[in-house]
Amino acid sequence: MTAESEYLLADSEADTESVRLGLLERIYDEATFRRLDALGIAPGSRCLEVGAGRGSVARWLSAGVGADGHVVAADVAPRFLTGLPDNVELRTLDIRDADLEPAHYDLVHCRALLMHLADPAAALRTMLAALRPGGVLLAEEADFGLMAYGGHPDAAWSTANAHRVFASLASARLMNAYLGRALPGLLTEAGLELLGAEVDSRVTRFGESAFELQRLTVMGAGPSLVAAGLLTDDERARSQQVLDCPTTVLTTTSVVAAWGRRPG
């Protein structure tokens, strides 16, 4: 099995996945850019973006480092990374077996990546080794612990079913939906000096961006979950009906961000 095929949304139609990634950018980029800005992106910096998606973070970093800087936008399946600026290098890369320049980068960033890896600690150690001494790493990961449906007759069932699927995915080492809460500790265990951490959570309604992101995620992951025996066709359809209902309210994914410095 390839790294791409292990990703639950690898089989999503390209148009649907592009829209989903665009929503993720719309919802989370502002906070990501605020955190990166606070870490002090400077002209001439060398940056690595792991799991670059559609490239919004790589483009933001590109503007910050300027013509004398360099950004690597890396993804295991870079099908949406097009039209990148001249100072952004595109790499097809699996962080689990990546051959990165040692002690090279001023900043490394990843978002919604580690939760999909069977050994996130190993990936963090790889990223740490690519940082120069004094370089910084920012990781942002989801935590679905507060996720709950409301406003629909099937809300309680949908909530329980979602967390049942999350537990099965964790047992199969396909996705850890609760990784976010462990992220600060993972950074320190990898050898980083923890500089800060924070949690963002939200409640969203039908038609809002965060709600649509969840709806498209369930739609895109559904076939893979059915194929893996973690969801029946009836359960998939029932879950989708809840998300297609205008009265549904969703306490959605929390995002835990943690950032640290390589000692030395």
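Refer to the structure printed above.
Residues numbered from 1 in each chain as written. Predicted model: local features only at pLDDT ≥ 70, side-chain atom pairs only at ≥ 80, totals over all residues. Heavy atoms only, no water.

### Observations regarding the overall build of the protein chain
- A tally of helices and strands in the protein chain yields 8 helices and 10 strands.
- A globule of 264 residues ought to have a C-alpha radius of gyration of about 18 Å, and the protein chain, at 18 Å, matches this closely.
- Overall, the protein chain is about 55 × 35 × 35 Å in size when its C-alpha atoms are taken along their principal axes.
- Each of the 264 residues in the protein chain was classed as buried or not, and the buried ones make up 51%.
- Restricting to contacts in the protein chain with at least 6 residues of sequence separation, those with at least 24 account for 76%.
- Between the centroid of the 23 positive side chains of the protein chain and the centroid of its 35 negative side chains there is a distance of 3 Å. (Helix = DSSP H or I, 4+ residues; strand = E, 2+ residues; numbered from the N terminus. Rg over C-alpha atoms; globule rule 2.2 N^0.38 Å. Buried < 20%, exposed > 50% of the residue type's maximum accessible area, 1.4 Å probe, protein only. Contact = heavy atoms within 4.5 Å. Lys, Arg positive; Asp, Glu negative; His and termini not counted. Charge placed at Lys NZ, Arg CZ, Asp CG, Glu CD.)

### A short note on the packing of aromatic side chains
- For the structure shown, the criterion picks out 4 aromatic pairs.
- The rings of Phe144, Phe166 and Tyr178 are connected pair by pair, giving a single aromatic cluster.
- Just above the ring of Trp157 sits the side chain of Arg238; from NZ or CZ to the centre is 4.1 Å. (Phe/Tyr/Trp six-rings, centres within 6.5 Å; stacked < 30°, edge-to-face > 60°. Lys NZ or Arg CZ within 6 Å of the ring centre and 35° of its normal.)

### Here's the deal with the side chain of Asp154
- Its place among the elements puts Asp154 in the loop between β6 (148-150) and α5 (155-171).
- In terms of polar contacts, Asp154 uses its side chain to reach the side chain of Arg238, at 2.9 Å.
- Once residues within four sequence positions are removed from consideration, Asp154 is found in contact with Arg238 and Val242. (Polar contact = N/O pair within 3.5 Å; in protein donor to acceptor, adjacent residues only side chain to side chain.)

### Regarding the packing of helix α4 (residues 120-130) against helix α6 (residues 183-190)
- For the pair α4 and α6, interaxial distance at closest approach is 9 Å and the crossing angle is 55 degrees. Of the possible angle classes, the one that applies to α4 and α6 is oblique. The handedness of the crossing between α4 and α6 is right-handed. In this structure, α4 uses Ala121, Leu124, Arg125 and Leu128 to contact α6, whose residues at the interface are Leu186, Leu187 and Ala190. (Axes fitted to C-alpha atoms, helices over the stretch in contact; angles between N-to-C directions. Parallel < 35°, antiparallel > 145°, perpendicular 65-115°, else oblique. Left-handed = near helix turned anticlockwise from the far one by under 90°.)

All we've got here are geometric facts, nothing functional implied.
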